[in-house]
Amino acid sequence: MPRVSAEHLERRRQQILDAARLCFARKGFFETSMQDVFAESGLSAGAVYRYFKSKDELITALAAQTTVRLRTVMSEAIHRDQLPTPADLITTIAEEVVRHSGPDGPVRLAPQAWALALVRPEAGAVVRETVSAMRALWVTYAERMRALGWLPEDADTDAVAKAIIGLLPGFILQHLLLGDTTPEMLARGVRTLLPYGETESTTSEVG
């Protein structure tokens, strides 16, 4: 019997995740059954369970995927020679959030994964890991801000990261629930509160 390629296995895994994402986005985590996922994916129960043993594993995997995309966008931005201002960086990330928050978008699953993490230990471990990884990027950004003189020399970059990361969950909830908050609005608010780099220093480079 020929061996199944890693590429084939990854395609099948992604097929299941895509089906689960559609189900969770339409019906919510608790109203979706594994039978719904089987039907949406067109695969048997055995085929699905080979990759994912439960709905918990599905939604945490989806949440992790979404976070990886956001982390990639942010990492590319904060490692440029010309450091983006807080308002510009927040706009870049918020625009990525909006692109993936439509009716079937994966960002819609984020609040569901957060809620699940509070009551399911295994899901909580994955969600905490993804949040910690995102926060580490904010620490790196704060360190570069300090190096440019945008923050005081004795600034606690860990505290800065913990404060500023809270802007994104707030934006996600307002965008999904109220529908009246845009990346541009968020940027205006951040530019008012955190005007660092909005002058000549935006052209500076970290030496």
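Scroll up for the structure.
Definitions and cut-offs
- Residues numbered from 1 in each chain as written.
- Predicted model: local features only at pLDDT ≥ 70, side-chain atom pairs only at ≥ 80, totals over all residues.
- Heavy atoms only, no water.
- Phe/Tyr/Trp six-rings, centres within 6.5 Å; stacked < 30°, edge-to-face > 60°.
- Buried < 20%, exposed > 50% of the residue type's maximum accessible area, 1.4 Å probe, protein only.
- Helix = DSSP H or I, 4+ residues; strand = E, 2+ residues; numbered from the N terminus.
- Lys NZ or Arg CZ within 6 Å of the ring centre and 35° of its normal.
- Arc of directions from axis to C-beta.
- Contact = heavy atoms within 4.5 Å.
- Polar contact = N/O pair within 3.5 Å; in protein donor to acceptor, adjacent residues only side chain to side chain.

(A) Representation of the packing of aromatic side chains in the model. Counted under the stated rule, the structure contains four aromatic pairs. Note on Phe29 and Phe30: the rings are 5.1 Å apart at their centroids and 85° apart in plane angle, and the pair reads as edge-to-face. Phe29 sits in the buried class, given a relative accessible area of 4%. Note on Trp138 and Tyr141: the rings are 5.8 Å apart at their centroids and 80° apart in plane angle, and the pair reads as edge-to-face. Of the two residues, Trp138 and Tyr141 both sit in helix α7 (residues 121-148), three residues apart, roughly one turn of that helix. Joined through ring pairs, the aromatic side chains of Phe24, Phe29 and Phe30 make up one cluster. Cation over ring: Lys55 sits above Phe29, and NZ or CZ is 4.5 Å from the ring centre.

(B) Quick peek at the environment of Leu193. Its place among the elements puts Leu193 in helix α10 (residues 183-193). Separated by 106 residues in the primary sequence, Leu193 and Ala87 have C-alpha atoms spaced 9.4 Å apart.

(C) Quick look at helix α6 (residues 110-119). For α6, the full list of buried residues reads Ala110, Ala113, Leu116 and Ala117. The arc that holds the buried residues of α6, viewed along the axis, is 120°, so those residues lie on one side. Exposed side of α6, more than 90 degrees from the buried face: Leu118 and Val119 are the residues found there. If you follow the buried residues of α6, they end up packed against α4 (55-78) and α7.

(D) Seen up close, helix α8 (residues 157-164). When we look at burial in α8, the residues that qualify are Thr157, Ala161 and Ile164. Take α8 and look down its axis: the buried residues cluster within an arc of 80°, on one side only. The secondary structure elements touched by the buried residues of α8 are α7 and α9 (167-178). Capping the start of α8 is the job of one residue whose side-chain oxygen sits 3.1 Å from the backbone nitrogen of Asp158: Asp156.

Purely geometric numbers; function is a separate question.
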